[in-house]
Amino acid sequence: MEITSFFTLCLLSLASLVCGTGAPKLQPFTFPKTLHEGQTVKAICTPTEGERPLQFQWLKDGHPLMKRPLVDIKTFEDYSLLKVSSVGEKDIGNYTCIVRNHHGSDQFTTSLTIPVGPKWIREPTSVSVSVGNSVTLDCIVGGYPKPIVRWTFHPTTDSGTAEVKSMTFKEHFQVAINGSLIITSVQQEDTGNYKCTGSNGIGNDVTKMITLSLYVPARFEEKFDVKRIHRGDSAKLECDARGDNPMTITWNKDNIRLSRVDTSRYQIFDRTTEGGMLSEIQVHGVDRSDNGLFTCLAKNTYGEDQRTIKMIVLEPPSAPSDVRVDQAWSRSISVTWTVPYSGNSPVNKYLIQYWRNQGAPHRLEEVTVSSAQTSTILRELQPGTSYVVRVIAENNVGKGTPSENRRFLTKEEEPSAPPTDVQVEARGAGTFHIKWKAPSKDHWNGQLKGYYVGYKEKASTDSYSYKLVPFSEGLAEEYLLRHLLKNTEYGIVVRAFNDAGTGPESQEILKRTKDSDPPPPPSLWVSAQSETTITINWEQSSDIISHYILFYKEDSGTWTEVTIPQTEKKVYTLQGLRAGSVYHLYLQAASQIGNSNPSETVSVKTDGAKGPMKWNFHAVITGEEELPVYLRLPVLAPLAASVAIIVFALVLSCVYVKKEQRRYNRAMEAVTEKIYPYSMNGTLPHRYVDLEKTRPLLQPPPPPPMFPLPPPPPPDDYPASSSTLPVNGNNNNSGDRRRLKKGREPKSNEGSIDSRRQGGGNMIQERAEVHHYDEAA
Ligand SMILES: *[C@@H]1O[C@H](CO)[C@@H](O)[C@H](O)[C@H]1NC(C)=O
Ligand SMILES: *[C@@H]1O[C@H](CO)[C@@H](O)[C@H](O)[C@H]1NC(C)=O
């Protein structure tokens, strides 16, 4: 090689010496300035001087250019021609032509440039990454001149319009030299559309929009919530989870899984949203059992999260329990209770409601106390009265249910008013018939136990002597005051008493006893009886009798009265009675002066088995034997019809009475069940029965006979008087026995007063006076 070079060099220097000409010199050449891809370009490499032979060589960018398709090199003796067909980007470069001869060489370089629009070398594609990871978004664009790659960011906005944002302000963004966008630690806000544009001013830009998205784990923005719902309202508990779908949400209440199929109480609704999933529970008619912690757990492939909702059901407070009357006085009581369940809203106050539990109507009284108190004192109550009290708690939600009713009794006070309508009637030589009415109930101040009938001679300066009259159910009372002096003026007062003491005196009434007595009562006995008749006999010592009056009744019947003319026989037969029934009879003798006291009551049972009631005719006086009226034919037919009607009416009324009785029994059960056995002094609980209701069902007292006056005292109402004209020694006792039948105290008047010692010290003195007076009489 070195030999060849040396030889060539010797040749060149020899030729220049021989020819006398120098080295070759090239004429400049260029490619056309404006080229398009696909055109054919030519370049001629021509030396202006130089000794032949000439050698030509072409280089592209310093490298020898070979003949190949689309590149043609034609070399002639004194020039060389380069032809490039259908030029493209690959042909861009510096082209050099070198010419040589023996004397030397020359070269010339010119550039071939073709503008080439941007072309994709690697397009970007949409990707998803997890938060915090890095991502490289490639965007390699070819072209000449070298295209500039630009990235723009188009976050998806709610309106859907693309907002272009420069990349530069984001620190963790970096565009590589090759055009790739490198994002380190991708955040949620980096998600969106990215557009890569390559441009070099030639032709059309290349552009591509891709989406960068995140894999989003399930997650709740708000982890805890509190729901306050009024009881009875509907509630909606929401769990709005963010994250990639598919996602599942499960619910627990107080750590117990809520089933989606159990629709009885909690209905669960799910729906997917743009950013995740929404699950909600609906509850209708919220109640106390819904208080608690509801948790929802959202899960997807990338993670899970939990949210807790505390449900607080607001409601009025519960009923205060354990309501008690601790102490009761006559006009006030103290009541206590225990704090109830507040209903998740603090109690503001308590309402204490109370009303009288006897008589009608009941006026509701109400006292309000602060929530700090659990006891109070109710004042201005009526003494000796049954009340009902209950307590209601109230909070911001409203009034709670009332507590159970508690009954209580205030302590009694002595009656505060005297008996009213006191009437005194002189009857016989030493007897007053005294009638009065109980004071109005407002003034009883407890349960009346009886009355003291006080009396004294008008002229006397002594205090009153008193007789005790037990209280009777009927509000009209009467008493026969006996053993008084004849034709003497007395002052009469009446006082009511109860367990607490004795009330004020009624206004004194002055009355004079009569001078003479009516005839003594007849002495009565039964001489015979059959199935339908009773025959009585009697004796009468007085001979001023005008006629007799016979009273009789069946056991449960009412008194019937028969007038018997004065006869010598003193015998009488009652007819048309019912077989096998007990009858009570007594007789009074009537005279011009007045009627005798009633005879003793005799009771007798008719013969035979108990049979149907027969039509009760006025009896026929014994001895005048004749066909009974009811056997006479003209009477018999209408009579039978009447009997049939009466029997029918009786059956109807029996059915009605039975029905009413059952209804009443039920009502009574209801009343007695509610009775609160509260008792102030530890004695047996009182039974409270509304007298107004029960009274119509009580046996009505026998109607007083129309004639003659004075009315015969029915044996159950008050004792027969025999003070002025005693028929026998134990007549007085018989009166007391009748009282015993009514369950009254089995004590004589004097003994009863003795037992009323609490009525006051003066009462004992008065008792002594009673004795004195009675003995004197
Ligand atoms: C061609 O030559 C010019 C000037 O010397 C230079 O700037 C350019 O980079 C060259 N082109 C190539 C493709 O080598
Ligand atoms: C572009 O450059 C970046 C950074 O230098 C590199 O990570 C990436 O792989 C390159 N892309 C291509 C297609 O060469």
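Residues numbered from 1 in each chain as written. Chains lettered and ligands numbered in written order. Predicted model: local features only at pLDDT ≥ 70, side-chain atom pairs only at ≥ 80, totals over all residues. Heavy atoms only, no water.

A look at the sheet that holds strand β28 (residues 321–328)
Here is step 1: The strand order across the open sheet formed by three strands is β28-β29-β32, and the pairing between neighbours is antiparallel. Strand pairing shows two members of the sheet lacking a second neighbour, β28 and β32 (375–378), which therefore form its edges. Taking the axes of each pair of neighbouring strands and ignoring which way they run, one obtains an average angle of 25° across the sheet.
Here is step 2: When β28 meets strand β29 (residues 333–338), the two strands line up antiparallel, connected through five bridges. Of the residues in β29, the one forming a bridge with V325 is V335. (Pairing = 2+ DSSP bridges. Helix = DSSP H or I, 4+ residues; strand = E, 2+ residues; numbered from the N terminus. Axes fitted to C-alpha atoms, helices over the stretch in contact; angles between N-to-C directions.)

Here we look at the pairing of strand β9 (residues 105–112)
Here is step 1: Examined bridge by bridge, strand β8 (residues 93–100) and β9 share eight bridges and lie antiparallel to one another. Directly across from V99, in β9, lies its bridge partner D106.
Here is step 2: Taking the residues that link successive antiparallel strands as the turn, the β8-β9 hairpin has four residues.

Examining the state of the cysteines
Here is step 1: The full count for this structure, using the stated rule, is three disulfides.
Here is step 2: With a sulfur-sulfur separation of 1.4 Å, C139 is cross-linked through a disulfide to C196. Because the torsion about its S-S bond is -60°, the bridge between C139 and C196 counts as left-handed. With C139 in the loop between β12 (135–137) and β13 (140–144) and C196 in strand β17 (residues 192–199), the pair connects residues that are 57 residues apart, well separated along the chain.
Here is step 3: Judged by relative accessible area, which is 0%, C139 ranks as buried.
Here is step 4: The disulfide that involves C239 links it to C296, with 1.6 Å between the sulfurs. Between C239 and C296, the S-S torsion sits near -75°, and that sign places the bridge as left-handed. Taken together, the positions of C239 in strand β21 (residues 235–242) and C296 in strand β26 (residues 292–300) put the pair 57 residues apart, joining distant regions of the chain.
Here is step 5: By relative accessible area, which is 0% here, C296 ends up buried. (Disulfide = S-S within 2.5 Å. Buried < 20%, exposed > 50% of the residue type's maximum accessible area, 1.4 Å probe, protein only.)

What about the site of ligand 1?
Here is step 1: Every residue near ligand 1 is listed here: D61, G93 and N94.
Here is step 2: A distance of 3.5 Å separates an oxygen atom of ligand 1 from a polar side-chain atom of D61.
Here is step 3: A distance of 2.3 Å is found between an oxygen atom of ligand 1 and a side-chain nitrogen or oxygen belonging to N94.
Here is step 4: Contact with the protein chains hides 26% of the accessible area of ligand 1, taken as 360 Å² for the molecule alone. (Near = heavy atom within 4 Å. Polar contact = N/O pair within 3.5 Å; in protein donor to acceptor, adjacent residues only side chain to side chain. Areas by Shrake-Rupley, 256 points an atom, 1.4 Å probe, with all protein chains shown as cover.)

Considering the sheet that holds strand β43 (residues 523–529)
Here is step 1: Taken in spatial order, the three strands make up an open sheet running β43-β44-β47, and their pairing is antiparallel. Looking along the sheet, the strands with just one partner apiece sit at the ends: β43 and β47 (571–574). Across this sheet, the average inter-strand angle for adjacent strands is 25°, counted without regard to direction.
Here is step 2: By the bridge criterion, four bridges tie strand β44 (residues 534–539) to β47 in an arrangement that is antiparallel. If you follow T535 over to β47, its bridge partner there is T573.

Concerning the confidence of the model for the protein chain
Here is step 1: A residue-level look at the protein chain finds 75% of positions with pLDDT of 70 or above and a mean pLDDT of 78.
Here is step 2: Of all secondary-structure elements in the protein chain, the lowest mean pLDDT belongs to helix α6 (residues 761–776), at 33, while β29 reaches the highest, 95.
Here is step 3: Low confidence marks residues 12–20, where pLDDT is under 50. Its contacts with residues over four positions away, or in another chain, come to 14 contacts.
Here is step 4: Note that pLDDT drops below 50 for residues 159–163; the model gives that stretch six contacts with residues more than four away or on any other chain. (pLDDT = per-residue confidence, 0-100. Contact = heavy atoms within 4.5 Å.)

A word on the site of ligand 2
Here is step 1: Around ligand 2, the neighbouring residues are D138, I140, A176, N178 and S180.
Here is step 2: At 2.2 Å, a side-chain N or O of N178 approaches an oxygen atom of ligand 2.
Here is step 3: Of the residues assigned to the shell around ligand 2, the class counts are two nonpolar, two polar and one charged. (Nonpolar A, V, L, I, M, F, W, Y, C, P; charged D, E, K, R; others polar.)

What to know about a nonpolar patch on the surface
Here is step 1: A cluster of nonpolar side chains, namely F224, V226 and L293, defines an oily patch on the protein surface of about 250 Å² accessible area.
Here is step 2: Position of L293 among the secondary structure elements: in strand β26.
Here is step 3: Taking relative accessible area as the criterion, L293 reaches 38% and is therefore assigned partly exposed. (Patch = residues over 30% accessible without salt bridge, like charges linked within 9 Å, V, L, I, M, F, W, Y side chains within 5 Å. Salt bridge = Lys/Arg side-chain N within 4 Å of Asp/Glu carboxyl O.)

Regarding the pattern of salt bridges
Opposite charge on two side chains makes pairing possible when the charged atoms of those side chains draw close.
Here is step 1: With the rule as written, the count across this model stands at 27 salt bridges.
Here is step 2: In this structure, D225 and R307 form a salt bridge, with 3.6 Å as the shortest nitrogen-oxygen distance. Highlighted residues: D225 in strand β20 (residues 224–230) and R307 in strand β27 (residues 303–314), separated in sequence by 82 residues.
Here is step 3: For D225, a relative accessible area of 24% translates into the label partly exposed.
Here is step 4: Since its relative accessible area comes to 9%, R307 is described here as buried.
Here is step 5: The partner of D499 in a salt bridge is K449, and the shortest N-O contact between them spans 2.8 Å. Separated by 50 residues along the polypeptide, D499 in the loop between β40 (489–498) and β41 (501–502) and K449 in strand β37 (residues 448–457) bring together distant segments of the chain.
Here is step 6: D499 sits in the partly exposed class, given a relative accessible area of 42%.
Here is step 7: Residues participating in the shared-partner salt-bridge network are R52, E77 and D78.

A short note on the packing of aromatic side chains
Here is step 1: Applying the stated criterion to the full structure yields 21 aromatic pairs.
Here is step 2: Between Y387 and F408 the ring centres are 5.4 Å apart and the planes differ by 10°, which places this aromatic pair in the stacked class. Here the residue Y387 occupies a position in strand β33 (residues 386–395), and F408 occupies one in strand β34 (residues 406–409), the gap between them amounting to 21 residues.
Here is step 3: The class of Y387 is buried, set by a relative accessible area of 5%. (Phe/Tyr/Trp six-rings, centres within 6.5 Å; stacked < 30°, edge-to-face > 60°.)

Details of the environment of R406
Here is step 1: Looking at the secondary structure, you find R406 in strand β34.
Here is step 2: Along the primary structure R406 and R324 are separated by 82 residues, whereas in three dimensions their C-alpha atoms are 7.1 Å apart.
Here is step 3: At 2.8 Å, the side chain of R406 forms a polar contact with the backbone oxygen of V323.

Describing unusual backbone geometry
Here is step 1: Residues R52 and P53 are joined by a peptide bond in cis, for which omega reads 0°.
Here is step 2: Structurally, P53 can be placed in the loop between β3 (47–49) and β4 (55–60).
Here is step 3: A cis geometry characterises the amide bond from Y144 onward to P145, with omega recorded as -5°.
Here is step 4: One can find P145 in the loop between β13 and β14 (148–154).
Here is step 5: In this structure, K570 is a non-glycine residue whose phi angle is positive, near 50°.
Here is step 6: Mapping K570 onto the fold places it in the loop between β46 (560–565) and β47.
Here is step 7: A residue is classified by how much of its surface remains accessible, and K570, at 16% relative accessible area, is buried.

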